[in-house]
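These are the residues of each chain, in order.
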Amino acid sequence: MKNLITFMLLCSWYSVWAQSGVYVYEPKHTDGTKLKWTLNLEEDGTFIYHFLRDLSVVSKANTEENIYGKGTWLYEGNSVILFSKEADNLNGVYTLNLNKSKARYIKKSPRDTSSKIVKTALRFYESETFHIKGLELFKE
C-alpha cells in the first residue's frame, strides 16, 4: 500500500513538472510591430502571464504596452486551468484576470512513430478574456 501511494504521488508530481516551463508566441510582422505572449508555469503551481506590444518602429514614438497577469494553475486531464483572484493584482501591475482560462496541452503522442515534428504547446480553448481564446503558445 505504501508503494502504491508513493507511486501515485510521484506520478502526480511528474505530470506537474512535465507541463511547467515557459510558453511563448512571437509572430513575425513585416511592418516591424512586435507582439509577444509569454506564459511561465512554475513548478509550485503559480503562473505569470506577460503580453508585450511594441509599436515604436511603426509610430516613431515609445509606444510599448505591457500587460501582466498572475495566479495559480492546475493540470487536469489534458488541460491546464488558470486561476486568478482580484487579490493577485498587486500595485496595479497584474491587471489581467485569467480566471478559469483553459488550455489544451499538446505534444507528440508516444505511439506516433512518424518523423512528424510536433512542438509542445498550450492552445487556449476557453477564456473570459477575448484575446486569449484560440491563442497557441509554444514551449521553449
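Our structure's up above, just so we're on the same page.
Q: Any details on the pairing of strand β5 (residues 79–83)? Residues and values, ideally.
A: Of all 5 residues that make up β5, 4 are buried, and the element is covered over most of its length. Of the pairings in the sheet, the one linking strand β4 (residues 64–76) to β5 comprises 5 bridges and is antiparallel in character. Its bridge partner lying in β5, Thr72 is registered against Phe83. Taking the residues between adjacent antiparallel strands as the criterion, β4 and β5 are bridged by 2 residues, where Gly77 takes a positive phi near 65°.

Q: Account for the pattern of salt bridges, naming residues and giving values.
A: Counting across every chain of the model gives 5 salt bridges. The salt bridge involving Arg53 is made with Glu65; its shortest N-O contact spans 2.3 Å. A residue pair is termed long-range when its members are at least 10 positions apart, and Arg53 in strand β3 (residues 46–54) and Glu65 in strand β4 qualify at 12 residues. Taking the shortest distance from any N to any O, the salt bridge between Lys116 and Asp112 comes out at 3.7 Å.

Conventions used here
Residues numbered from 1 in each chain as written. Predicted model: local features only at pLDDT ≥ 70, side-chain atom pairs only at ≥ 80, totals over all residues. Heavy atoms only, no water. Buried < 20%, exposed > 50% of the residue type's maximum accessible area, 1.4 Å probe, protein only. Helix = DSSP H or I, 4+ residues; strand = E, 2+ residues; numbered from the N terminus. Pairing = 2+ DSSP bridges. Salt bridge = Lys/Arg side-chain N within 4 Å of Asp/Glu carboxyl O.

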